[in-house]
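Here's the letter readout for the chains.
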Amino acid sequence: AFNNPNYKWSLDDFELGKRLGRGKFGRVFLARDRRSGFVVALKTLLKKEIVLGRVERQVLREIEIQSHLKHPNILQLLCWFHDSHRIYLVLEYAGKGELYNHLKNATNSRFDNLVSAKYVYQVADALDYCHQNQVIHRDIKPENLLLTINDDVKLADFGWSVHSPSMKRNTMCGTLDYLPPEMVDSKDYRHQVDNWCLGILCYEFLHGYPPFEANEAEETYKRIRMRDLHFGEHISDNAKDFISNLVVIKGDKRMSLKEAMKHPWIMENYVNRK
Ligand SMILES: COc1ccc(C(=O)Nc2ccccc2)cc1NC(=O)CCSCc1cnc2[nH]ccc2c1
């Protein structure tokens, strides 16, 4: 099985299937483990690109992080191997694909309270697990979520991949002058970022668009700083309260993930919670 540390995996163990996604995930293929018949997503990374992108350390750090994270709502890295040209990541396969597509194809491009509360609860549970393992997601949005055949959410975590603007952040952190107070004061300053993003995610599920959307980036920044938050007529008071307690300017004033998972809006709309 995948967690047998002694077994040396190779491409020959897999029967390759169709290409997944429109190349959005890099080169990811549907694949089947020949012996167990287990269906996986096989992601291939060109070593040349990794070396050129100077991200080999990041890949290894990520593989290190991912291999310790095991949660029903986090896409699992089952195993990995490499050959002369490529690194291969064997990932769980989420049978219903990108949640983003389901949101866009839903009636009025939005989910109802029942669907939204289930997905928001599962993301909150996954994020809480990440934070307990000193991992911060940083990039929660519909595009980074996948759906299983049982309609459960999987944090697919492109955020941990090279696509995240980590290079800029690294150079930025070179100088202390730019550090905001929250980065100077508490070492875990960023985990509250995920709480804010959960609120934005919930808003977008229920409306079909994010709260601070604007044509110009500058306008969006202004709306975020002003917390220019308006709710549609169809939004319930509990949903407004849920979102309003996460989308809070001061990080340490945001509702915690554990509180979010027990909020009245979740309690009245998601009965299968843990
Ligand atoms: C734990 O997950 C990951 C771990 C690491 C990386 C990664 O690329 N790391 C990296 C790359 C280069 C430099 C440094 C680091 C990516 C993922 N995850 C995905 O890429 C999700 C979509 S691929 C899977 C998948 C499943 N199920 C589906 N159903 C439909 C499409 C689909 C697609």
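A. Quick look at the sheet that holds strand 1 (residues 14–19). Read from one edge to the other, the open sheet built from 5 strands follows the order 1-2-3-5-4, with strand pairing classed as antiparallel. Both edges of this open sheet fall to strand 1 and strand 4 (77–82), since each of them pairs with a single strand only. Neighbouring strand axes in the sheet, compared pairwise and without regard to direction, differ in orientation by 30° on average. Contacts between helix 2 (residues 56–68) and the sheet are confined to strand 3 (39–46), strand 4 and strand 5 (86–92), with strand 4 contributing the most and set at about 145° to the helix.

B. Fine view of the sheet that holds strand 8 (residues 153–155). If you walk across this open sheet you meet the 3 strands as 6-7-8, and the pairing is antiparallel. Of all the strands in the sheet, the pair left with one neighbour each is strand 6 (97–98) and strand 8. In this structure, strand 7 (residues 145–147) lies alongside strand 8, joined through 3 bridges in antiparallel fashion. Bridge pairing links Leu 145 to Leu 155 in strand 8.

C. Inspection of the packing of aromatic side chains at higher detail. Scanning the model with the defined rule gives 14 aromatic pairs in all. Put simply, the rings of Phe 2, Tyr 7, Trp 9, Phe 14, Phe 38, Phe 81 and Tyr 88 pair up and form one aromatic cluster.

D. Geometry of the site of the ligand. Around the ligand sit 22 residues, and of these Lys 43, Glu 62, Gln 66, Ala 94 and Ala 156 come closest. Note that an oxygen atom of the ligand is positioned 2.7 Å from one of the side-chain N or O atoms of Lys 43. Between the ligand and Ala 156 there is a distance of 3.0 Å, counted from a nitrogen atom to a backbone nitrogen or oxygen. Contact with the protein chains removes 97% of the 710 Å² of surface that the ligand exposes when unbound. For the shell around the ligand, the secondary structure elements donating two or more residues are strand 3, helix 2 and strand 5. Grouping the constituent residues of the shell around the ligand by class yields 16 nonpolar, 3 polar and 3 charged.

E. Quick peek at the packing of helix 4 (residues 113–132) against helix 7 (residues 191–207). Orientation of helix 4 relative to helix 7, taken along the N-to-C sense of each, is 170°, at an axis distance of 10 Å. The angle between helix 4 and helix 7 places the two elements in the roughly antiparallel class. In this structure, the crossing between helix 4 and helix 7 has a hand that is right-handed. Together, Asn 113, Ser 116, Tyr 119, Val 120, Val 123, Ala 124, Leu 127 and His 131 of helix 4 and His 191, Asp 194, Asn 195, Leu 198, Leu 201, Cys 202, Phe 205 and Leu 206 of helix 7 make up the contact between the two elements. Its residues placed into classes, the contact of helix 4 with helix 7 shows 10 nonpolar, 5 polar and 1 charged.

Calculation rules
- Residues numbered from 1 in each chain as written.
- Predicted model: local features only at pLDDT ≥ 70, side-chain atom pairs only at ≥ 80, totals over all residues.
- Heavy atoms only, no water.
- Pairing = 2+ DSSP bridges.
- Helix = DSSP H or I, 4+ residues; strand = E, 2+ residues; numbered from the N terminus.
- Axes fitted to C-alpha atoms, helices over the stretch in contact; angles between N-to-C directions.
- Contact = heavy atoms within 4.5 Å.
- Phe/Tyr/Trp six-rings, centres within 6.5 Å; stacked < 30°, edge-to-face > 60°.
- Near = heavy atom within 4 Å.
- Polar contact = N/O pair within 3.5 Å; in protein donor to acceptor, adjacent residues only side chain to side chain.
- Areas by Shrake-Rupley, 256 points an atom, 1.4 Å probe, with all protein chains shown as cover.
- Nonpolar A, V, L, I, M, F, W, Y, C, P; charged D, E, K, R; others polar.
- Parallel < 35°, antiparallel > 145°, perpendicular 65-115°, else oblique.
- Left-handed = near helix turned anticlockwise from the far one by under 90°.

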